[in-house]
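Given next are the chains, with one letter for each unit.
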Amino acid sequence: MEGFVGDFTVTDTITWTVPVLLFCIAFGMSMDYEVFLLSRIKEEWDRSGDNQLAVARGLERTGAMVTAAAGLIAIVWLGFVLSGISYLKAIGLGLAVAVLMDATLVRGALVPAFMRLAGRANWWAPGPLARFHRRFGLRDAGHT
């Protein structure tokens, strides 16, 4: 089949390693966006104690960075589509779609919506963990 992505043979199957590799890489990359977003939300929560405000400001302050990073890495992954190897084409297209969906749908809508609905439950810790933090004074650098 000849097309935009070059010449390749349609086999009507997917190599089993493609979805596994897509999941592993996409999961690892999505954690970067999650850390950016949730660390900012946590900082706002510690500062204000208002969950709704913390979620809104966290999303506002990380939105442009997450969008730009997702766009750039999606372009890199789409570069794999130009490869002559069909396995790399599948990986590149799959990861580009996964990154864009994660940055827009998940980080831009689902996580903030869930955190707003969960309210104070976002900041709950199990008893043993809360005692551990209190006992050993584990806090962010700016907090006493």
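Every residue gets a number counted from 1 within its own chain, in the order that chain's sequence is written. Given that the model is predicted, a residue must reach a pLDDT of at least 70 before its local features are reported, and side-chain atom pairs must reach 80 or more before they are shown or counted; all residues, however, enter totals for whole chains, interfaces and linings. Side-chain numbers come from the whole structure's heavy atoms, not from hydrogens or water.

Some points on the nonpolar core
Only buried Ala, Val, Leu, Ile, Met, Phe, Trp, Tyr and Cys residues count toward a nonpolar core, and they belong to the same one when joined by side-chain atoms within 4.5 Å. Partly exposed describes any residue whose relative accessible area lies between the buried limit of under 20% and the exposed limit of over 50%, with all areas from a 1.4 Å probe on protein chains only and scaled to the type maximum. Grouped together as the largest cluster of nonpolar side chains are 14 residues, with contacts concentrated most on L22, Y33, A70, W77, I91, L95 and V99. Mapped by element, the contributors of at least two residues to this core are α1 (17-48), α2 (51-79) and α3 (86-118). Note on definitions: a residue-residue contact is assigned when non-hydrogen atoms from the two residues lie within 4.5 Å. Setting aside residues up to four positions removed in sequence, Y33 forms contacts with V66, A69, A70, I73, V99, D102 and R107. L37, V55, V111 and M115 belong to the second largest nonpolar core, which has seven residues in total. To qualify as a helix, a DSSP run of H or I must reach at least 4 residues; to qualify as a strand, a run of E must reach at least 2; elements of each kind are numbered from the N terminus.

Quick look at a nonpolar patch on the surface
Only residues whose relative accessible area exceeds 30% and that take part in no salt bridge are eligible for patches, with like-charged residues grouped when within 9 Å of each other and nonpolar side chains (Val, Leu, Ile, Met, Phe, Trp, Tyr) grouped when within 5 Å. Computed with a 1.4 Å probe, the accessible areas rest on the Shrake-Rupley method; for each residue, only the protein chains presented here act as cover. We define a salt bridge as a side-chain nitrogen of Lys or Arg found within 4 Å of a carboxyl oxygen belonging to Asp or Glu. Together, L78, L93, V97, M101, L105 and L110 line one region of the surface with nonpolar side chains, adding up to about 540 Å² of accessible area. The element that contributes the greatest number of residues to the nonpolar patch is α3, accounting for five residues. Counting through the fold element by element, V97 comes out in helix α3.

Quick look at the pattern of salt bridges
Applying the stated criterion across every chain yields a total of seven salt bridges. Two residues, R107 and E34, come together in a salt bridge whose shortest N-O distance is 2.7 Å. You can see R107 sitting in helix α3 and its partner E34 sitting in helix α1, a full 73 residues away along the chain. When sorted by exposure, R107 lands in the same class as E34, which is buried. A salt bridge links E43 to R40; the nearest nitrogen and oxygen atoms lie 3.0 Å apart. Placement of both E43 and R40 in helix α1 is noted, with a separation of three residues, approximately one turn of the helix. On the accessibility criterion, E43 (42% relative accessible area) is partly exposed. Judged by its relative accessible area of 27%, R40 falls in the partly exposed class. Among the ionic contacts, a cluster of salt bridges with common partners joins E44, R47, R57 and R61.

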